[in-house]
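# An overview of the molecular structure
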Amino acid sequence: MSISVFSLFMAFIWSSVFILLGSVLQRRRPIIIYMYFFPLLFISVLSIIRLFTSVELPFTKVIHSKIILPKIMGFLNIPLLTFRGFTVHVYTILLLVWIAGTVTLWIKTVLHYIHFRRFRKHIQTKPETVDNKVSVLVSKIILSGNSMRKVKVIQTSLLSTPLLTGLFKPVIYLPNIPFTDTELEYILRHELTHYINKDLWIKFLLNIIYSVFWWNPFLYLLKRNTDHLLELKTDLSLARQLSEKSRTQYLETILKVVKYQSSLKHHQKLSSVGIGFASSNSGRKIRQRFQLVDCYKPMNWLQKSANWCICILMLVSFFLSFSFIVQPYIDHPPNFNDSEMFIINGSNSYLIDNKDGSYSLYSDGIYMTNIYNITDEPFSSFTIKEK
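Everything numeric here is computed off the predicted structure, so don't read it as measured data. (Residues numbered from 1 in each chain as written. Predicted model: local features only at pLDDT ≥ 70, side-chain atom pairs only at ≥ 80, totals over all residues. Heavy atoms only, no water.)

## Points about the overall build of the protein chain
- Within the protein chain one finds 12 helices and 12 strands.
- Among the 387 residues that make up the protein chain, the fraction classed as buried is 42%.
- Entry remark: accessible area of the protein chain is about 22,100 Å², with carbon and sulfur atoms responsible for 64%. (Helix = DSSP H or I, 4+ residues; strand = E, 2+ residues; numbered from the N terminus. Buried < 20%, exposed > 50% of the residue type's maximum accessible area, 1.4 Å probe, protein only. Areas by Shrake-Rupley, 256 points an atom, 1.4 Å probe, with all protein chains shown as cover.)

Written out as C-alpha cells, the structure reads:
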C-alpha cells in the first residue's frame, strides 16, 4: 500500500465521478419518491471516503498514459524562475494558490462567525421566548429524541425563516410570522430533528472539507446537494410520524415560510452558520420536498431490495476504483537490460531542453529517458543543452 501524486489524482477523479453521479440521480423523481434518496446519501458518503483514500493497493494495475499525463507533468514542472538556489515551477505557483484560497475561505468563515455573534448579541438583548406552550413542546421533543440538552427558542424580526444554530449550545430562532399552534409544533419538530440527528455537525465537517478542496467544483456540488438531502431526511422523519392530514398541514407550513421569504426585499442570510426550515427557494428543491412528504408510504420489500441493489452496486464500484491507476509513460533506453547497471553523473551525462517542461537525458551520447524535475540530484548538476 502506497501513496503517490497519481493515487491522489485518481482519488480526485473517482470522488468527482461519484459526486456527479449522485447529483444526476438527485434530479430523478423516482430516486427521491420511491427509494427515499437513501442511495444518494450512500453515494455522498462513498465520495468523501474515496477522496481521502488515495492509496495504491497490491492488486492495483498501472495504466500508462503516453500523451495526456506526460504533457500535464511537463507543464507542471516548467521552471519559471530561480531565487537563491530555489527553482519556482508551475506546480509551486498552483500550490501557493491552493493554500491562499484555503486561508481566504477560513478568514471568510471567521468573519461570518463574527457577524453572526454580533447578530446573536443584538437578538439576545431581547427576551427569550417564554411561552409555556413552546417550552413544554420543546422539552417533549428533546426527551423523545433521547437528548437532554436544553435548547433556547428566540423570536426575532431579523430572520425570514426558522433557523437552528449552535454546535454546543443550540438555539432555534423563529421569525415574526403569525404561526398557529400546529404550525409551530411542526417547525420545532423539524429543527429539533436536525439537532438530534447531528445535522449541524455534518454541515460543519462538509464546510471544512470544502475549504480545503475549494478548487474542486464537484465539492461545492456535494456540499449543496448534501444540504438538500439533510432537509429531505428530516422531512421524511416527520412524514413517518404524521397522518395524511397532518402531512398536508406540514407542507402548508413550509409554503407559508417560503411565501413570507419571497415577500421580503431584504433579509438576513445565515445558512452558513445554521440550518433553516426553508433556506432554499429553489423551485425544484421545494417541489421535491413536497413530493416526498405528499407521496410518503412505508417502504415495501421491492423498494428495500432496489435500495440494497443500488448500494451494493456502488460499493462494488468503489472497490473497483482501486483496481487501476493512470501514470505517465516513461521511455526506456533502447536495448536496455534490467541486469545491466550504468552510472550517470555530470561528467558523462547531459540534458536537452525539449521546451515543453521535459528534458531528454543522455549518457555517453545515448538517449536514456525524459526527466521532468531537474531540481533534484543528480540532475541539478547536469549541463543543459538546447535542442
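## A few points about the nonpolar core
- In this structure, Phe37, Ile172, Leu188 and Tyr250 are the most contacted members of the largest nonpolar core, which totals 42 residues.
- Of all elements in the fold, only helix 2 (29-33), helix 6 (132-144), strand 6 (171-175), helix 7 (181-196), helix 9 (217-241), helix 10 (244-263) and helix 11 (283-294) reach the threshold of two or more residues within this core.
- For this core, the leading source of residues is helix 7, giving 6 residues.
- Core analysis: the second largest hydrophobic core is formed by 12 residues, Phe6, Ile43, Met314 and Phe322 among them. (Core = buried A, V, L, I, M, F, W, Y, C linked by side-chain atoms within 4.5 Å.)

## Thoughts on the sheet that holds strand 10 (residues 359-363)
- Taken in spatial order, the 4 strands make up an open sheet running 11-10-9-12, and their pairing is mixed. Every other strand in the sheet has two partners, leaving strand 11 (366-371) and strand 12 (383-386) as the edge strands with one partner each. Pairs of neighbouring strands in the sheet enclose a mean axial angle of 35 degrees, with direction left out of account.
- In this sheet, strand 10 lies alongside strand 9 (residues 349-353) in antiparallel orientation, the contact comprising 5 bridges. Bridge assignment links Ile352 to a residue of strand 10, and that residue is Ser360. (Pairing = 2+ DSSP bridges. Axes fitted to C-alpha atoms, helices over the stretch in contact; angles between N-to-C directions.)

## Observations regarding the sheet that holds strand 7 (residues 274-276)
- With mixed pairing, the 4 strands of this open sheet are ordered in space as 4-6-5-7. The outermost strands of the open sheet, each flanked by one partner alone, are strand 4 (152-156) and strand 7. Averaged over all pairs of adjacent strands, the angle between strand axes in this sheet comes to 20 degrees, irrespective of strand direction.
- Here strand 4 pairs with strand 6 via 5 bridges, running parallel. Along strand 6, the bridge assignment pairs Thr156 with Pro175.
- Across the sheet, helix 8 (residues 199-212) lies against strand 5 (163-165) and strand 7, angled at about 120 degrees from strand 7, the strand it touches most. (Contact = heavy atoms within 4.5 Å.)

## Considerations on the environment of Glu231
- Relative to the elements of secondary structure, Glu231 occurs in helix 9.
- Classification of Glu231 by relative accessible area gives buried; the value is 10%.
- With sequence-adjacent residues up to four places away left out, Glu231 is seen in contact with His190, His194, Ile275, Gly276, Phe277 and Arg289.

## Some remarks on the environment of Ser363
- In this structure, Ser363 sits in strand 10.
- Through-space distance from the C-alpha of Ser363 to that of Gly346 is 9.4 Å; in sequence the pair is 17 residues apart.

## Concerning the packing of aromatic side chains
- Under the criterion given, the structure shown has 16 aromatic pairs.
- Pairing Trp14 with Phe324 gives two aromatic rings, centres 6.2 Å apart and planes at 70 degrees, and the pair type is edge-to-face. Of the two residues, Trp14 sits in helix 1 (residues 5-26) while Phe324 sits in strand 8 (residues 324-328), which places them 310 residues apart along the sequence.
- For the ring pair Tyr210 and Tyr220, a centre distance of 6.1 Å and an interplane angle of 50 degrees mean the geometry is tilted. Of this pair, Tyr210 sits in helix 8 while Tyr220 sits in helix 9; the two residues are 10 residues apart in sequence, bridging distant segments of the chain.
- Ring pairing ties together the aromatic residues Phe12, Phe52, Trp98, Phe213 and Trp215, which thus form one cluster. (Phe/Tyr/Trp six-rings, centres within 6.5 Å; stacked < 30°, edge-to-face > 60°.)

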